[in-house]
Amino acid sequence: QVQLMESGGGLVQPGGSLRLSCVASGSIGSTNNWAWFRQAPGKQREWVASITSYGSTIYEDSVKGRFTISRDTVKNTVYLQMNSLKPEDTAVYYCRWISGTRMYWGQGTQVTVST
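Residues numbered from 1 in each chain as written. Predicted model: local features only at pLDDT ≥ 70, side-chain atom pairs only at ≥ 80, totals over all residues. Heavy atoms only, no water.

Trainee: In this structure, what is going on with the overall build of the protein? I would like to understand it.
Mentor: Looking only at helices and strands, the protein features zero helices and 11 strands. Relative to the globule expectation of 13 Å for 115 residues, the C-alpha radius of gyration of the protein, 13 Å, shows essentially globular dimensions. Its C-alpha atoms put the protein at 40 × 25 × 25 Å along the principal axes. Burial analysis of the protein (115 residues in total) assigns 42% to the buried set. In the protein, the share of contacts with a sequence separation of at least 24, taken over all contacts with a separation of at least 6, comes to 52%. With the model as given, the accessible surface of the protein reaches about 6100 Å², and the carbon-plus-sulfur share is 50%. Of the side chains in the protein, 11 bear a positive and 7 a negative charge, and the two mean positions are spaced by 5 Å. (Helix = DSSP H or I, 4+ residues; strand = E, 2+ residues; numbered from the N terminus. Rg over C-alpha atoms; globule rule 2.2 N^0.38 Å. Buried < 20%, exposed > 50% of the residue type's maximum accessible area, 1.4 Å probe, protein only. Contact = heavy atoms within 4.5 Å. Areas by Shrake-Rupley, 256 points an atom, 1.4 Å probe, with all protein chains shown as cover. Lys, Arg positive; Asp, Glu negative; His and termini not counted. Charge placed at Lys NZ, Arg CZ, Asp CG, Glu CD.)

Below, the structure written as C-alpha cells:
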C-alpha cells in the first residue's frame, strides 16, 4: 500500500507562482513514475506532467515553459513548480504514483488563480 499526501495549493493572482508537493509513504520501492493531473469544475481530469524514475519529464502543451515537475528520491516527494499562473490553471491538482501494476492517487489540492 502507498499513501500520497499533496500540499501547497492555495489562492494566487494571475502571473503568480505556487509549488505543489506530493509525499509518498508505504511500500515505495525504487522504480516508479509520478504524474500530476488536474480537474477543473465541470471538466474531466487531465494530465499535466510526468517524471520517470530516471528523471525524464514530459509536459502537457499548455503548461510547457511555465510548470516544472521534479522529484526528491530520498524524501519520496514529487514537486510541481507552477509559474506565470493563469485563471485557466484553476483546478484541483492530483498526484499519481505508478510502479508496475500498482497505481495510487493523492486526495488533491485546490489551486485557484484569481484577482
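Structure shown, so let's carry the discussion forward.
Trainee: Honestly, the side chain of Thr-77 in this entry has me stumped. Any pointers?
Mentor: Structurally, Thr-77 is set in strand β8 (residues 77-82). Thr-77 gets classed as buried once you look at its relative accessible area, which sits at 5%. From its side chain, Thr-77 meets the backbone oxygen of Lys-75 in a polar contact 2.9 Å long. Those residues within four positions of Thr-77 in sequence are excluded, and the remaining contacts are Ser-21, Cys-22, Val-23, Ser-70, Arg-71 and Asp-72. (Polar contact = N/O pair within 3.5 Å; in protein donor to acceptor, adjacent residues only side chain to side chain.)

Trainee: Looking at this structure, I do not really get the sheet that holds strand β7 (residues 67-72). What am I missing?
Mentor: Backbone hydrogen bonds hold the strands of a sheet together, and the pairing may be parallel or antiparallel. With antiparallel pairing, four strands are arranged side by side in an open sheet as β1-β3-β8-β7. The sheet is open, and its two edges are formed by β1 (2-7) and β7, each paired on a single side. Within this sheet the neighbouring strands show an average axis-to-axis angle of 15°, counted without direction. Bridge analysis of strand β3 (residues 18-26) against β8 gives six bridges, and the strand direction is antiparallel. In the strand pairing of β8, Ser-21 is matched with Tyr-79. (Pairing = 2+ DSSP bridges. Axes fitted to C-alpha atoms, helices over the stretch in contact; angles between N-to-C directions.)

Trainee: Any chance you could explain the side chain of Arg-66 here in plain terms?
Mentor: Here Arg-66 lies in the loop between β6 (57-59) and β7. Given the relative accessible area of 11%, Arg-66 is considered buried. From its side chain, Arg-66 meets the backbone oxygen of Ser-84 in a polar contact 2.9 Å long.

Trainee: Is there a simple way to think about the pattern of salt bridges in this case?
Mentor: Two side chains bearing opposite charge may form a pair once their charged atoms approach each other closely. Considering all chains together, one arrives at four salt bridges under this definition. Asp-61 is the partner of Lys-64 in a salt bridge, and the nearest nitrogen-oxygen pair spans 3.1 Å. Its relative accessible area of 60% is what places Asp-61 among the exposed residues. Note that Asp-89 and Arg-66 form a salt bridge whose closest N and O atoms lie 2.8 Å from each other. With Asp-89 in the loop between β8 and β9 (91-99) and Arg-66 in the loop between β6 and β7, the pair connects residues that are 23 residues apart, well separated along the chain. With respect to class, Asp-89 is no different from Arg-66; both count as buried. Taken together, the shared-partner salt bridges in this structure form one network comprising Arg-38, Glu-46, Arg-66 and Asp-89. (Salt bridge = Lys/Arg side-chain N within 4 Å of Asp/Glu carboxyl O.)

Geometry only, nothing functional implied.
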